[in-house]
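Chains, contacts and geometry: an overview
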Amino acid sequence: MIKTTATVFLKQGREASVKRFHPWVFSGAIERIDGTPTDGDWVEVKDSRKQGLGYGHYQKGTITVRLLSFSAIVPDEKIYAEKIKAAYNQRAFTKVISEHTNCFRLVHGEGDGLPGMIIDVYNGVAVMQAHTVGMHNDRHRIAEAIKETLFDTIHSIYYKSQGTLQSAENEYLLGMSTVPHVVTEHGNKFYIDWEEGQKTGFFLDQRENRKLLGEMSKGVSVLNTFCYTGGFSVYALNAGASLVHSVDASAKAIDLTRRNIELNGFDPLQHECFAVDTFDFLKDKKDQYDVIILDPPAFAKHKDAKHQAMKGYQRLNAEAMRAVKSNGIIFTFSCSQVVDKQLFYDTVVSAALQSGREIKVLDHLCQPADHPVSMYHPEGEYLKGLVLYVS
Ligand code: SAH
């Protein structure tokens, strides 16, 4: 059995969202707490009539409890193994893992019923990232559950939470693996460095969008901005693009891109890298590329920064609409969770109006099946994109 240290009672009427399986209990919904929990403890949540609603991790703050269970029965030690197994089965069933793809997200926080935990798998190595103290405290239990589920398909587990939690240290919880480490994604090869790289080392969330870009890249010129590891660039080259330019403000990212291009057997002459700001790069470009990819970092991480972020997205898209050739294509993305689909769409429309070009929407893109969104937790949806045809 999981040990709890307190019971959290909700105000009258505030149980409604929990009954709709929303996993967050906000501080304003709490009537009183019996016990003195410390951050990371398991607690029980009850309604004002003392009916049990579920169990979760306590952490002082706006979101005070993150629920892992919506039952009045105390969860047992198997809770992590059950959830991780269910997450794995969904990936296997939805064909995320295949002979051409050996890297995937095994656990996507709330989308897999494990708020505060991310687990990415890179060809035999699982990388865990905790965003809450509760998940940090339970890291060994979770590592055991990963071993149980993935069994002999993994040899190492790296716990990387130093950047997300003050109290955490990065460490191997199983085995050890040298970096960089090679993975295959739809047959494209990439070096992954979970120790030094951003987040867990790679942006797995763009896998299906990279594949779609590949399908449109044969014989054409491609500009990949905010390229990081060069994901879209490698797909474009493997698909037979005539020329690929990659841009990132970070020299380290450009170095990663170069190495990934070489790993896939390409001549450096078929590809050019620019370690510059995308806005500066686009400034003097007009009717130059057949395909342009815009995949910036989250311009707005908080609601307060939204207005400034929208201006950034508008400017970026308007510049790309000038730089793309006639009858060219733009893949444009936003990974800001606070900017919803409609707001992003409206911003791209205003960029289109500013450009004065005739533009059609060919596709609406989103995050893939290994980054699932619980229907009861729409906040989990963050990646959105549009494929535009510019006449
Ligand atoms: N498209 C990538 C992920 C992009 S992550 C993929 O498929 O994996 C965002 C990247 O944008 C980071 O590498 C960061 O260094 C870069 N970046 C941030 N601000 C930038 C700017 N103003 N100009 C160019 N690159 C920038």
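Residues numbered from 1 in each chain as written. Predicted model: local features only at pLDDT ≥ 70, side-chain atom pairs only at ≥ 80, totals over all residues. Heavy atoms only, no water.

So, about the overall build of the protein. In terms of regular secondary structure, the protein is built from 10 helices and 20 strands. Computed over its C-alpha atoms, the radius of gyration of the protein comes to 22 Å, within 12% of the 21 Å expected for a compact globule of 391 residues. With the principal axes as the frame, the protein shows a C-alpha extent of 65 × 45 × 35 Å. Counted over contacts in the protein with a minimum sequence separation of 6, partners at least 24 positions apart contribute 63%. Accessible surface for the protein amounts to roughly 17,700 Å². Of this, 51% is attributable to carbon and sulfur atoms. (Helix = DSSP H or I, 4+ residues; strand = E, 2+ residues; numbered from the N terminus. Rg over C-alpha atoms; globule rule 2.2 N^0.38 Å. Contact = heavy atoms within 4.5 Å. Areas by Shrake-Rupley, 256 points an atom, 1.4 Å probe, with all protein chains shown as cover.)

Here the focus is the domain arrangement of the protein. Looking at the assigned domains, one finds that the protein contains domain 1 (4-69), domain 2 (79-182) and domain 3 (203-390). Put simply, the middle of domain 1 and the middle of domain 3, counted by C-alpha atoms, are 40 Å apart. (Domains from an automatic or database assignment.)

Ranked by size, the top nonpolar core spans 34 residues in total, and within it Tyr-122, Trp-194, Val-222 and Phe-331 carry the most contacts. Contributions of two or more residues to this core are made by strand E9 (125-130), strand E13 (188-192), helix H5 (207-215), helix H6 (231-238), strand E17 (289-294) and strand E18 (324-334). Excluding residues that lie within four positions of it along the chain, Phe-331 makes contacts with Asn-209, Leu-212, Leu-213, Met-216, Val-291, Ile-292, Ile-293, Leu-294, Leu-365, Leu-386 and Val-387. Formed by 33 residues, the second largest nonpolar core is a distinct cluster that contains Val-107, Val-121, Ile-154 and Tyr-159. (Core = buried A, V, L, I, M, F, W, Y, C linked by side-chain atoms within 4.5 Å. Buried < 20%, exposed > 50% of the residue type's maximum accessible area, 1.4 Å probe, protein only.)

Once that is clear, we can look at the site of the ligand. Not every one of the 16 residues close to the ligand is listed here, only the nearest: Arg-210, Asp-248, Ala-249, Thr-278 and Asp-295. Between the ligand and Asp-277, the relevant distance is 3.1 Å, taken from a nitrogen atom to a side-chain nitrogen or oxygen of the residue. A distance of 2.6 Å separates a nitrogen atom of the ligand from a polar side-chain atom of Asp-295. In isolation the ligand exposes 580 Å². Once the protein is present, 88% of that is buried. (Near = heavy atom within 4 Å. Polar contact = N/O pair within 3.5 Å; in protein donor to acceptor, adjacent residues only side chain to side chain.)

Enumeration over the complete set of coordinates arrives at 20 salt bridges. A salt bridge links Arg-207 to Asp-370; its shortest N-O distance comes to 2.8 Å. Taken together, the positions of Arg-207 in helix H5 and Asp-370 in the loop between strand E19 (359-366) and strand E20 (384-390) put the pair 163 residues apart, joining distant regions of the chain. Here Asp-370 falls in the buried class, since its relative accessible area comes to 0%. Between Lys-341 and Glu-381 there is a salt bridge, with the nearest N and O atoms lying 3.5 Å from each other. (Salt bridge = Lys/Arg side-chain N within 4 Å of Asp/Glu carboxyl O.)

One open sheet holds the six strands; their spatial order is E2-E6-E5-E4-E1-E3, and the pairing between them is mixed. Of all the strands in the sheet, the pair left with one neighbour each is strand E2 (24-26) and strand E3 (30-34). Going across the sheet, the axis of each strand differs from the next one's by a mean of 35°, ignoring polarity. Bridge count for strand E4 (residues 42-46) against strand E5 (residues 52-58) is five bridges, and the pairing is antiparallel. Its bridge partner lying in E5, Lys-46 is registered against Gly-52. Along the sheet, helix H2 (residues 79-93) contacts E4, E5 and strand E6 (63-69); its crossing angle with E6, the most-contacted strand, is approximately 75°. (Pairing = 2+ DSSP bridges. Axes fitted to C-alpha atoms, helices over the stretch in contact; angles between N-to-C directions.)

Over its 13 residues, helix H7 (residues 251-263) runs 18 Å from end to end, which matches the ideal 18 Å to within 8%, given 1.5 Å per residue. Listed as buried for H7 are Ala-253, Ile-254, Leu-256, Thr-257, Asn-260 and Ile-261. Along H7, the residues classed as buried sweep out an arc of 155° about the axis, all on the same side. Exposed residues pointing more than 90 degrees away from the buried face of H7 are listed as Ala-251, Lys-252 and Glu-262. (Expected span 1.5 Å × (residues − 1). Arc of directions from axis to C-beta.)

Between two packed helices, both the angle of their axes relative to each other and the distance between the axes serve to describe the pair. Close contact between H5 and H6 brings their axes to 8 Å; oriented N to C, the two are set at 35°. In the crossing of H5 with H6, the sense of the turn from one axis to the other is right-handed. Residues Arg-207, Asn-209, Arg-210, Lys-211, Leu-213 and Gly-214 of H5 form the contact with H6, whose participating residues are Gly-231, Phe-232, Tyr-235 and Ala-236. (Left-handed = near helix turned anticlockwise from the far one by under 90°.)

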